[in-house]
Amino acid sequence: DTAVSQTPKYLVTQMGNDKSIKCEQNLGHDTMYWYKQDSKKFLKIMFSYNNKELIINETVPNRFSPKSPDKAHLNLHINSLELGDSAVYFCASSQVSGLGTGELFFGEGSRLTVL
Amino acid sequence: EDQVTQSPEALRLQEGESSSLNCSYTVSGLRGLFWYRQDPGKGPEFLFTLYSAGEEKEKERLKATLTKKESFLHITAPKPEDSATYLCAVQAIGYNKLIFGAGTRLAVHP
């Protein structure tokens, strides 16, 4: 029973197109994240939602729009795709407490290739 | 600016050859330091959290330690199945996000 699942696993698309990635967690966590891992393997946070409320929005182009319909789901929509958007996008969740974010549970990633 | 630097970038070991991976960090106030393992084509998998200097955590052949400026991941008598990329991340006080280093790619050969 997958804890954090994201779909699709692979996307190949042309520049200028719009695409979405979906994420669901069944851990009961209240916080979800989108991270981007580039070709150099750096994982950088993009967004974080806590109970459907946006709490972290790093300097990400506004072509990227996250949506959280409920605390178990966090989707990422990308408009007008550019070559530089090619990367692996990871969804993660955690249970925030007084000790901080706690351990993050990651999905398997969605590899986006923009041609 | 909060920053995490890992070294070496890549490490090749023979099976049974112990070694250490380094994670140096600069953070305004450390809430926690995290170690993750990432296998090719997979998401990072949590290993340890360390909260204060002097703290140590162990799991099988792995042992993580923490000082005020760096953390070490010691691998004792590694096996080929320990081959992976090991990622270090820090959380600063007041921020609900992890800042990751670029990772160390470990290859253990029989």
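Our subject is the structure that appears above.
Now for a look at the structure at hand.

Definitions and cut-offs
- Residues numbered from 1 in each chain as written.
- Chains lettered and ligands numbered in written order.
- Predicted model: local features only at pLDDT ≥ 70, side-chain atom pairs only at ≥ 80, totals over all residues.
- Heavy atoms only, no water.
- Helix = DSSP H or I, 4+ residues; strand = E, 2+ residues; numbered from the N terminus.
- Rg over C-alpha atoms; globule rule 2.2 N^0.38 Å.
- Contact = heavy atoms within 4.5 Å.
- Areas by Shrake-Rupley, 256 points an atom, 1.4 Å probe, with all protein chains shown as cover.
- Lys, Arg positive; Asp, Glu negative; His and termini not counted.
- Charge placed at Lys NZ, Arg CZ, Asp CG, Glu CD.
- Salt bridge = Lys/Arg side-chain N within 4 Å of Asp/Glu carboxyl O.
- Buried < 20%, exposed > 50% of the residue type's maximum accessible area, 1.4 Å probe, protein only.
- Phe/Tyr/Trp six-rings, centres within 6.5 Å; stacked < 30°, edge-to-face > 60°.
- Pairing = 2+ DSSP bridges.
- Axes fitted to C-alpha atoms, helices over the stretch in contact; angles between N-to-C directions.

## Some remarks on the overall build of chain B
Here's step 1: Each helix and strand counted, chain B has zero helices and 11 strands in total.
Here's step 2: Starting at the N terminus, the α and β elements of chain B follow one another as β-β-β-β-β-β-β-β-β-β-β.
Here's step 3: By the compact-globule yardstick of 13 Å for 110 residues, chain B fits well, its C-alpha radius of gyration being 13 Å.
Here's step 4: Projected onto its principal axes, the C-alpha coordinates of chain B cover approximately 45 × 30 × 20 Å.
Here's step 5: Taking contacts inside chain B between residues at least 6 apart in sequence as the whole, the part at least 24 apart equals 55%.
Here's step 6: Of the roughly 5300 Å² of accessible surface on chain B, a fraction of 48% belongs to carbon and sulfur atoms.
Here's step 7: On chain B, the mean spot of the 13 positive side-chain charges and the mean spot of the 14 negative ones are 3 Å from each other.

## Concerning the pattern of salt bridges
Opposite charge on two side chains makes pairing possible when the charged atoms of those side chains draw close.
Here's step 1: Taken as a whole, this structure holds nine salt bridges over all chains when the rule is applied.
Here's step 2: A salt bridge links B:Asp39 to B:Arg37, with the nearest nitrogen and oxygen atoms 3.0 Å apart.
Here's step 3: Exposure remark for B:Arg37: the relative accessible area of 17% places this residue in the buried category.
Here's step 4: B:Lys57 is the salt-bridge partner of B:Glu55, the closest N and O atoms lying 3.6 Å from each other.
Here's step 5: Members of the salt-bridge network, linked through shared partners, are A:Lys9, A:Glu108 and B:Lys42.

## Looking at the packing of aromatic side chains
Here's step 1: Going through the model one piece at a time under the given rule, you end up with nine aromatic pairs over all chains.
Here's step 2: Between A:Phe90 and A:Phe106, the aromatic rings sit 6.2 Å apart at their centres with planes inclined by 90 degrees, giving edge-to-face as the arrangement. You can see A:Phe90 sitting in strand S9 (residues 87–94) and its partner A:Phe106 sitting in strand S10 (residues 105–106), a full 16 residues away along the chain. Both residues of the pair, A:Phe90 and A:Phe106, belong to the buried class.
Here's step 3: With centroids separated by 6.2 Å and ring planes inclined at 75 degrees, the aromatic side chains of A:Phe106 and B:Phe100 adopt a geometry described as edge-to-face. With A:Phe106 in strand S10 and B:Phe100 in strand S10 (residues 99–100), this pair bridges two chains.
Here's step 4: Linked through ring pairs, A:Tyr33, A:Tyr35, A:Phe90, A:Phe106, B:Tyr36, B:Phe46 and B:Phe100 together constitute an aromatic cluster.

## Things to note about the sheet that holds strand S8 (residues 73–78) of chain A
The strands making up a sheet associate through backbone hydrogen bonding, with each pair oriented either parallel or antiparallel.
Residue and element names in this part refer to chain A.
Here's step 1: With antiparallel pairing, the four strands of this open sheet are ordered in space as S1-S3-S8-S7. Each edge of the open sheet is held by one strand with a lone partner, namely strand S1 (4–7) and strand S7 (64–70). With direction set aside, neighbouring strand axes in the sheet form an average angle of 15 degrees.
Here's step 2: Both strand S3 (residues 19–25) and S8 contribute to a ladder of four bridges, which runs antiparallel. In the strand pairing of S8, Ser 20 is matched with His 77.

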